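Structural overview for review
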Amino acid sequence: VSVKTKSLYRCQSCGFASAKWLGQCPDCSEWNTLAEEAAPKTGAPRRALTEFSSELMKLADAAADSAERRPTGIGELDRLLGGGLVAGQVVLLAGSPGIGKSTLMLQVAEALARSAEAGPILYISGEESAGQVSARAKRLGVEHGKIYFASETNLAKVLDAAAKVKPAVWIVDSIQTVYHPEWSGSPGTVGQVRECAGELLRAAKAGGAVLFLLGHVTKEGELAGPRVLEHIVDTVLHFDADSQHLVRMLRAEKNRFGPTSEVAIFEMGERGLREVADASAFFVQGGGEPLAGRAISVALEGTRPILAEVQALVAPTRYPLPRRMVTGLDPNRTLVLLAALEKHLKLHLESKDVFVSLAGGLKIKDPALDLAVCAAVLSSVREAPAAPDRAFIGEVGLLGEVGRVPLLSARLNEAKRMGFKSAAVSAKAEQLPKGFTIAALDKLHGLPGALA
Ligand code: TYD
Ligand code: MG
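Presented here is an overview of the structure given in this document. (Residues numbered from 1 in each chain as written. Chains lettered and ligands numbered in written order. Predicted model: local features only at pLDDT ≥ 70, side-chain atom pairs only at ≥ 80, totals over all residues. Heavy atoms only, no water.)

1. What to know about the site of ligand 1
The full set close to ligand 1 counts 16 residues, and Gly98, Ser102, Thr103, Gly269 and Gly272 are the nearest of them. One of the backbone nitrogen or oxygen atoms of Gly98 is found 2.7 Å away from an oxygen atom of ligand 1. Within the side chain of Arg136, a nitrogen or oxygen atom sits 2.9 Å from an oxygen atom of ligand 1. When isolated, ligand 1 has an accessible area of 550 Å², and the protein chains bury 74% of it. Listing elements by their share of the shell around ligand 1, those giving two or more residues are α2 (101-114), α3 (130-140) and β13 (263-269). Of the residues belonging to the shell around ligand 1, the class tally is four nonpolar, seven polar and five charged. (Near = heavy atom within 4 Å. Polar contact = N/O pair within 3.5 Å; in protein donor to acceptor, adjacent residues only side chain to side chain. Areas by Shrake-Rupley, 256 points an atom, 1.4 Å probe, with all protein chains shown as cover. Helix = DSSP H or I, 4+ residues; strand = E, 2+ residues; numbered from the N terminus. Nonpolar A, V, L, I, M, F, W, Y, C, P; charged D, E, K, R; others polar.)

2. Digging into the sheet that holds strand β8 (residues 147-151)
Spatially, the nine strands line up as an open sheet ordered β8-β7-β9-β10-β6-β11-β12-β13-β14, and their pairing is mixed. The two strands at the open ends of the sheet, each matched to only one other strand, are β8 and β14 (272-275). Along the sheet, successive strands turn relative to each other by an average axial angle of 25 degrees, direction set aside. Taken together, the six bridges between strand β11 (residues 235-240) and strand β12 (residues 247-255) define a ladder with antiparallel strand orientation. (Pairing = 2+ DSSP bridges. Axes fitted to C-alpha atoms, helices over the stretch in contact; angles between N-to-C directions.)

3. Some thoughts on the pattern of salt bridges
Scanning the model with the defined rule gives 18 salt bridges in all. Taken together, the shared-partner salt bridges connect Glu76, Arg79, Glu262 and Arg304 into one network. (Salt bridge = Lys/Arg side-chain N within 4 Å of Asp/Glu carboxyl O.)

4. Digging into the packing of aromatic side chains
A complete count under the given rule lists two aromatic pairs for this structure. Judged by centre distance (5.0 Å) and plane angle (85 degrees), the ring pair of Phe282 and Phe283 falls under edge-to-face. (Phe/Tyr/Trp six-rings, centres within 6.5 Å; stacked < 30°, edge-to-face > 60°.)

5. Observations concerning the nonpolar core
One finds Ile265, Val377, Phe392 and Leu447 to be the most contacted residues of the largest nonpolar core, which totals 47 residues. Looking at which element gives the most residues to this core, the answer is helix α8 (residues 370-382), with eight residues. Contact partners of Ile265, with chain neighbours within four places excluded, come to Glu76, Val247, Arg248, Met249, Arg274, Glu275, Val276, Ala279, Phe283, Arg304 and Ile306. (Core = buried A, V, L, I, M, F, W, Y, C linked by side-chain atoms within 4.5 Å. Buried < 20%, exposed > 50% of the residue type's maximum accessible area, 1.4 Å probe, protein only. Contact = heavy atoms within 4.5 Å.)

6. Things to note about helix α5 (residues 190-206)
Over its 17 residues, α5 extends 24 Å from the first C-alpha to the last, a length consistent with the 24 Å expected when each residue adds 1.5 Å. Of all the 17 residues making up α5, 13 are buried; the element is thus mostly covered by neighbouring parts of the structure. Among the residues trailing α5, Gly208 stands out with phi positive, at a value near 65 degrees. (Expected span 1.5 Å × (residues − 1).)

7. Describing the packing of helix α4 (residues 155-165) against α5
One way to put it is that α4 packs onto α5 with a least axis distance of 11 Å and a crossing angle of 10 degrees. The angle between the axes of α4 and α5 places the two elements in the roughly parallel class. In this structure, α4 contributes Leu155, Val158 and Leu159 to the contact, and α5 contributes Cys196, Glu199, Leu200 and Ala203. Grouping the amino acids of the contact of α4 with α5 by side-chain chemistry returns six nonpolar, no polar and one charged. (Parallel < 35°, antiparallel > 145°, perpendicular 65-115°, else oblique.)

8. Quick notes on the environment of Asn32
By secondary structure assignment, the location of Asn32 is in the loop between β2 (17-18) and β3 (34-38). What makes Asn32 exposed here is its relative accessible area of 60%. Taking the C-alpha atoms as reference points, Asn32 and Asn413, separated by 381 residues in sequence, lie 52 Å from one another. Not counting chain neighbours up to four residues away, the residues in contact with Asn32 comprise Trp21 and Gly23.

Rendered as structure tokens:
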């Protein structure tokens, strides 16, 4: 008897399923994202993603997971992971092509392999040949005998390789290139990605191994296809950077085993990714002559204060509509700040182009930088440098009021460590450290006085 397999249309963006084809996905409103995929054979048992015991017990009596951390040996990454990897942890490492995912994973493999008690590590690449990966590995100094490699896209063969090696750490580069031989659809489609990830996850968890899945994101910064994976993995790490800069910021967007607000900072060099442990010194070049249009602030990335340099250039425009360009900061927020400056300080910016950026390729969305943005713009308009040893830390509201920011004392301590002697902060701020000159601002009106 021939069984007619019923097909299903699945949105490649959000995973929505429909019995018939639709031009627009009713779930995520994307156009032309529905693609045909064969429905799973009826009668085939649906496997669960996680195999926990369903025994009923009192929560108070349940034994807590003794999450033993295995540090990777890469300090920045360990901090991001909350101390290291946990057995059975599944990590999705996402980022745009060329950002450094494969490079980071090779370095992590080497660092892990070096610890004496480490088990074998299996690196599966569906993107590059053994020759390509080995050439890069040599350049990075990755040569440890515990690292096994296979260039493979067939999931069945990947699982075979894992059965042989019994790895303590699996790396699958990338999840979009692996395909399930019994599942229709080309690699990278939602169905394939979900099924492959599910199989890998079960196999890795069963062996108590750590699984790294590498995934590409689209231009819009969304995980194409693998977005459906965010729910089933334990940790989502996201590489965030524009390719013009060598700075690579790795953020934890989800973490079942640690904090999510942390960020690890790396610099891409000839020998791979290098940790940037002292971010403040890296992003703010101290000394030098005071320059108009420059203001320093202290941003908070997770729990870590980082000095950030805001640069502004205000110049006469040649266009009927003056230009506004913002890099590294939230553009909309910056436009609001410019409007607040025009209104409250009577700055005439309507005939001026305004460019605002964060130095060093840093990308930060911390409202505490507001005051530094205002100071940098004001300094450029007046062609008068801001005091070089002063940090500007405060949120600026629509009404021109300077507001408090969280963890001010941690920020001020960081500024002090970097040789700053004074700070302009909100007049409402409490608990200011001693030995620091404070210019307390209530409103933007006070900023010109606090500039120099
Ligand atoms: P890669 O790790 O291949 O990115 P992904 O896996 O995310 O696609 O990184 C590729 C880029 O990094 C490439 O443009 C070259 C650069 N690179 C260096 O600058 N130095 C190095 O040591 C390595 C290995 C790569
Ligand atoms: Mg790669």
